[in-house]
Amino acid sequence: MLESREQIHEASTRMTRLKVEIGRVIVGQEEVIEQLLWCLFAGGHALLEGVPGLGKTMLVRTVADAVSLQFSRIQFTPDLMPSDITGTTVIEFGSGGRQERFFQQGPVFANMVLADEINRATPKTQSALLEAMGEGSVTAGGATHQLQKPFFVLATQNPIEQEGTYPLPEAQLDRFLIKIRIQYPTREELKEIVRRTTATAIPRAEEVMDGHDVAAIQAMARGLLIGEEVLDLAARLVMMTHPAQSDSPETVKRYVQYGAGPRAVQALVALGKVRALQAGRLQVSWQDIREAAKPVLRHRVILTYEAEATGHSADEITDAIVASIEASR
């Protein structure tokens, strides 16, 4: 047990160092960085929503630099084809008319993939990336090609532009472990961004760990314990997102059309374990589940038209459910 505690402490220290190193390059956005690292060490994929110019590409590239992972960026456009993402079989002609076929890998063959403005591509092209996310492999020309591990996709969406876009269906959104919202920086943060980006030397993150370390921390997080009471609270939280549940708050019954599915409970527990490891604990607490609730549920709770028209959000619904659970404990 002593050795296990020492390993937990070492992993926690390295995770903290990683967060500090990323913060040396990225101004503010502490909650965004923290949730992004939760997702990375939980082995999932993230959907990032924010207006253009908030440094989403720099954030992902900085994380890739700090963990020494191969980075790839795909700009999604309406004319992007599935093979532009996954790769294609190429025929090469040699001497004497001899033909050789080989698979030319696409940009999805990287450890960390930024899918920029994923909702601008057609559903067929979106499905190619989502299949790679779900299966961890690509099938082309009748052959299956395994993707590198760790494999982490960060897809971005612009919330203010809907013209000419193809919104991801709810069933496809469920493939993302969490949805992160990037807020506009404060005045002081904006000034610091200008100082860093207009100086002679632009800061760059130094390597803190590599892919093997990431995989080791992922495995360690999965091995953490979760008590029956905390697991029951996580399941109850997700069940209460359904308006048909008798103990759901009135806001859920009025403003929610469809609640979250089983993947939401899996995501809550996975993120809860990473958060516990980051804090140097051996067991998941209710606090871990509660802090993970908003990024896990905000893209899984489908609101009614009335909720959207009156400005209610999935985060408000989550707050109401958490408050109801804590009041009854």
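Up top is the structure.
A brief look at the structure comes next. Each chain carries its own residue numbering, running from 1 in the direction its sequence is written. Since the coordinates come from a predicted model, pLDDT governs what is reported: local features require at least 70, and pairs of side-chain atoms require 80 or more to be given and counted, while whole-chain, interface and lining totals use all residues. Hydrogens and waters are ignored; side-chain quantities use all the structure's heavy atoms.

A few points about the overall build of the protein chain
Point 1. What the protein chain contains, in helices and strands, is 14 helices and 13 strands.
Point 2. The quantity called the radius of gyration is restricted to C-alpha atoms. Its globule counterpart is 2.2 Å times the number of residues to the power 0.38. Against the globule reference of 20 Å for 329 residues, the protein chain gives a C-alpha radius of gyration of 21 Å, in line with a compact fold.
Point 3. By definition in these notes, contact holds between two residues if any of their heavy atoms fall within 4.5 Å. Considering only residue pairs separated by 6 or more positions, the protein chain has 76% of its internal contacts joining residues 24 or more positions apart.
Point 4. Only the protein chains shown count as covering a residue, and every accessible area follows the Shrake-Rupley method with a 1.4 Å probe. When the accessible surface of the protein chain is totalled, it reaches about 16400 Å², and 50% of it is carbon and sulfur.
Point 5. Charged-residue counts in this description rest on Lys and Arg as positive and Asp and Glu as negative, His and the chain ends being excluded. To locate a charge, the coordinates of NZ of Lys, CZ of Arg, CG of Asp or CD of Glu are taken. Between the centroid of the 34 positive side chains of the protein chain and the centroid of its 41 negative side chains there is a distance of 1 Å. For helices the rule is a DSSP run of H or I covering at least 4 residues; for strands it is a run of E covering at least 2, with both sets numbered from the N terminus onward.

Observations concerning helix 14 (residues 314-328)
Point 1. Take the number of residues in a helix, subtract one, and multiply by 1.5 Å to get its expected span. Here helix 14 is 15 residues long and its end C-alpha atoms lie 21 Å apart, about the 21 Å a rise of 1.5 Å per residue gives.
Point 2. Listed in full, the buried residues belonging to helix 14 are Ala-314, Asp-315, Ile-317, Thr-318, Ile-321, Val-322 and Ile-325. For helix 14, the angular spread of buried residues about the axis comes to 155°, placing them on one side.
Point 3. On its buried face, helix 14 sits against strand 9 (178-181), helix 9 (228-239), helix 10 (250-255), strand 11 (256-258), helix 12 (286-297) and strand 13 (302-303). Only protein chains enter the accessibility calculation, which uses a 1.4 Å probe. A residue is then buried if its area is under 20% of the maximum for its type, exposed if over 50%, and partly exposed in between. This arc is built from the directions going out from the helix axis to the C-beta atoms.

Considerations on the sheet that holds strand 2 (residues 71-75)
Point 1. What makes two strands pair is DSSP finding at least two bridges between them. Spatial ordering of the open sheet is given by 2-5-8-1-9, a layout of five strands whose pairing is parallel. The open sheet terminates on both sides in strands that have one partner only, identified here as strand 2 and strand 9. Neighbour to neighbour, the strand axes of the sheet diverge by 20° on average, direction disregarded.
Point 2. Examined bridge by bridge, strand 5 (residues 112-116) and strand 8 (residues 152-157) share four bridges and lie parallel to one another. Its bridge partner lying in strand 8, Val-113 is registered against Val-153. The axes are straight lines fitted to the C-alpha atoms, using for helices just the contacting stretch, and the angles between their N-to-C directions are given from 0 to 180°.

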